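One-letter residues, chain by chain:
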Amino acid sequence: MDNNKDPSGPSSPGSKSAGGFGLPLYSKSELSGVPLTGMSPLSPYLNMDPRYLIQDTDEFILPTGANKTRGRFELAFFTIGGCCITGAVFGAVNGLRMGLSETRNMAWSKPHNVQILNMVTRQGATWANTLGSLALLYSVFGVVIEKARGAEDDLNTIAAGTLTGVLYKSPGGLRGAARGGLVGLTLSGLYALYSNWGHLKGSSPTRY
């Protein structure tokens, strides 16, 4: 009896034994011809279809009934806070300009610096209050109109902007309210046009 005989039996032509365990090793050219059912022909060595690795959906979980875009109520806080900060920065820069202009004939001293600082803080607070009030009115009108109509579209934006201008300028009388409404209509219309510019050009816009 021949004790040197391989117990695994004869191997296929061109195959080699793996580490002396009798496991055949095949070349890449031999494996490339093996048909793999249900797999992509990109690589015969993968155990899954590479197409499943492509994520075509959003990588976050939404609560039941929630929208993918934030509503006006969620955006109201960001809008009001952003307008207040923008108004404060713009007012501070404008106050610095006015303070330097009004004190250009004064010598650089403590009263000179205090006067500039007062101008900066006064203008910053005024502009922050103005833009914050406008943002508050716009957000309230937008939320109310959205709930009343049961829909969210650019018509709500234009209506909220127009009503904001009318109400903000209403202390100036009917003519002032009309001018404020016209300004609000123009600004909100331009914003609606800008937000839908990608859609008008043929590509779907990303809305937040």
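This structure is a prediction, so every number in the text was calculated from the model and none was measured. (Residues numbered from 1 in each chain as written. Predicted model: local features only at pLDDT ≥ 70, side-chain atom pairs only at ≥ 80, totals over all residues. Heavy atoms only, no water.)

**Here we look at the state of the cysteines**
Test applied: When two cysteine sulfur atoms are found within 2.5 Å, that pair is recorded as a disulfide. The buried label applies to any residue whose accessible area, calculated with a 1.4 Å probe on protein chains only, is under 20% of its type's maximum; exposed applies above 50%, and partly exposed to all values in between.
For the coordinates displayed, the defined rule picks out zero disulfides. Here C83 stays unpaired: no disulfide links it, and the sulfur of C84, its closest cysteine neighbor, is 7.1 Å away. Taking the relative accessible area as the measure of exposure, C83 reaches 25% and is therefore partly exposed.

**Focus: the confidence of the model for the protein chain**
Predicted coordinates in areas of low pLDDT are best not read in detail. Applied cut-off: pLDDT expresses, on a scale from 0 to 100, how confident the predictor is about each individual residue. It only takes one pair of heavy atoms within 4.5 Å for two residues to be counted as in contact.
Confidence in the prediction of the protein chain, expressed as mean pLDDT, is 76, and 62% of residues score 70 or more. Below pLDDT 50 for its whole length, residues 1-18 participates in 16 contacts with residues either more than four positions away or in separate chains. Considering only residues more than four positions removed or in separate chains, one finds that residues 204-208, a stretch of pLDDT under 50, has six contacts.

**Comments concerning the packing of aromatic side chains**
For the record, the criterion: Aromatic rings from Phe, Tyr and Trp, with only the six-membered ring used for Trp, were paired whenever their centres fell within 6.5 Å, and each pair was classed as stacked if the ring planes differed by under 30 degrees, edge-to-face if by over 60, and tilted otherwise. For helices the rule is a DSSP run of H or I covering at least 4 residues; for strands it is a run of E covering at least 2, with both sets numbered from the N terminus onward.
All told, the structure shown has one aromatic pair when counted by the stated rule. Taking 4.7 Å as the distance between ring centres and 80° as the angle between the ring planes, the aromatic pair formed by F90 and W127 counts as edge-to-face. Of this pair, F90 sits in helix α2 (residues 72-102) while W127 is found in helix α3 (residues 110-149), placing the two residues 37 residues apart along the sequence. F90 sits in the partly exposed class, given a relative accessible area of 46%.

**Concerning α2**
As a reminder of what qualifies: For a helix, the expected span equals 1.5 Å multiplied by the residue count minus one.
For α2, spanning 31 residues, the distance from its first C-alpha to its last is 43 Å, which sits close to the expected 45 Å at 1.5 Å a residue. Residues of α2 that are buried sit in contact with α3 and α4 (154-168).

**What to know about a nonpolar patch on the surface**
Here is the rule: To count toward a patch, a residue needs a relative accessible area over 30% and no salt bridge; like charges are then connected within 9 Å, while nonpolar side chains (Val, Leu, Ile, Met, Phe, Trp, Tyr) are connected within 5 Å. Using a 1.4 Å probe, accessible areas were evaluated by the Shrake-Rupley method; residue-level cover was limited to the displayed protein chains. Salt bridge, as used here: a side-chain nitrogen of Lys or Arg that lies within 4 Å of a carboxyl oxygen of Asp or Glu.
Taken together, the side chains of V183, L187, L190, L193 and W197 present a nonpolar region at the surface, about 510 Å² in accessible area. It is helix α5 (residues 173-195) that provides the largest number of residues to the nonpolar patch, a total of four residues. Along the chain, the position of L190 falls in helix α5. You can call L190 exposed: its relative accessible area is 52%.

**Examining α4**
Put simply, the rule is: Working note: the arc is built from the helix axis to C-beta atom directions. Between N or O atoms, a polar contact is any pair within 3.5 Å; within protein, one atom must be a potential hydrogen donor and the other a potential acceptor, and residues adjacent in sequence are included only when both atoms are from side chains.
Relative to the 21 Å expected for 15 residues at 1.5 Å per residue, α4 spans 21 Å between its end C-alpha atoms, a close match to the ideal helical length. Residues of α4 that are buried include every one of N156, T157, A160, G161, T164 and G165, and no others. Down the axis of α4, the buried set is contained in an arc of 160°. They therefore lie on one face. Against α2, α3 and α5 lie the buried residues of α4. A side-chain oxygen of the first residue of α4 lies 3.3 Å from the backbone nitrogen of L155; this N-cap is D153.

**Quick word on the packing of α3 against α4**
Spelled out, the test is: To define axes, lines are fitted to C-alpha atoms, for helices over the stretch in contact only, and angles between the resulting N-to-C directions are given on a 0 to 180 degree scale. Note on angle classes: values under 35 degrees are labelled roughly parallel, values over 145 roughly antiparallel, values of 65 to 115 roughly perpendicular, and the remainder oblique. In a left-handed crossing the near helix is turned counterclockwise from the far helix by less than a right angle, and in a right-handed crossing that turn is clockwise. Under the convention adopted here, Pro, Cys and the residues Ala, Val, Leu, Ile, Met, Phe, Trp and Tyr are nonpolar, Asp, Glu, Lys and Arg are charged, and Gly plus all remaining residues are polar.
Interaxial distance between α3 and α4 falls to 8 Å at its minimum, and their mutual angle equals 135°. Judged by the inter-axis angle, α3 sits oblique to α4. In this structure, α3 meets α4 at a crossing whose hand is right-handed. Only L155, N156, T157, A159, A160, G161, L163, T164, L167 and Y168 of α4 make contact with α3, whose side of the interface consists of T130, L134, L137, Y138, F141, G142, I145, E146 and R149. Residue composition of the contact of α3 with α4, by class: 11 nonpolar, six polar and two charged.

**Remarks on the side chain of T164**
Mapped onto the elements, T164 comes out in helix α4. When near neighbours in sequence (up to four residues on either side) are disregarded, T164 contacts L134, L137, Y138 and F141.

**Here's the deal with the pattern of salt bridges**
Per the counting criterion, the structure on display carries one salt bridge. The partner of R149 in a salt bridge is D153, with the nearest N and O atoms 2.9 Å apart. Exposure remark for D153: the relative accessible area of 26% places this residue in the partly exposed category.

**A word on the packing of α4 against α5**
Where α4 contacts α5, the axes come no closer than 6 Å and their chain directions differ by 155°. Here α5 runs roughly antiparallel to α4, going by the angle between their axes. α4 and α5 meet at a crossing whose hand is right-handed. Residues D154, T157, I158, G161, T162, G165 and V166 of α4 pack against A177, G180, G181, G184, L185, S188, G189, Y191, A192 and S195 of α5. Looking at side-chain class alone, the contact of α4 with α5 contains six nonpolar, 10 polar and one charged residues.

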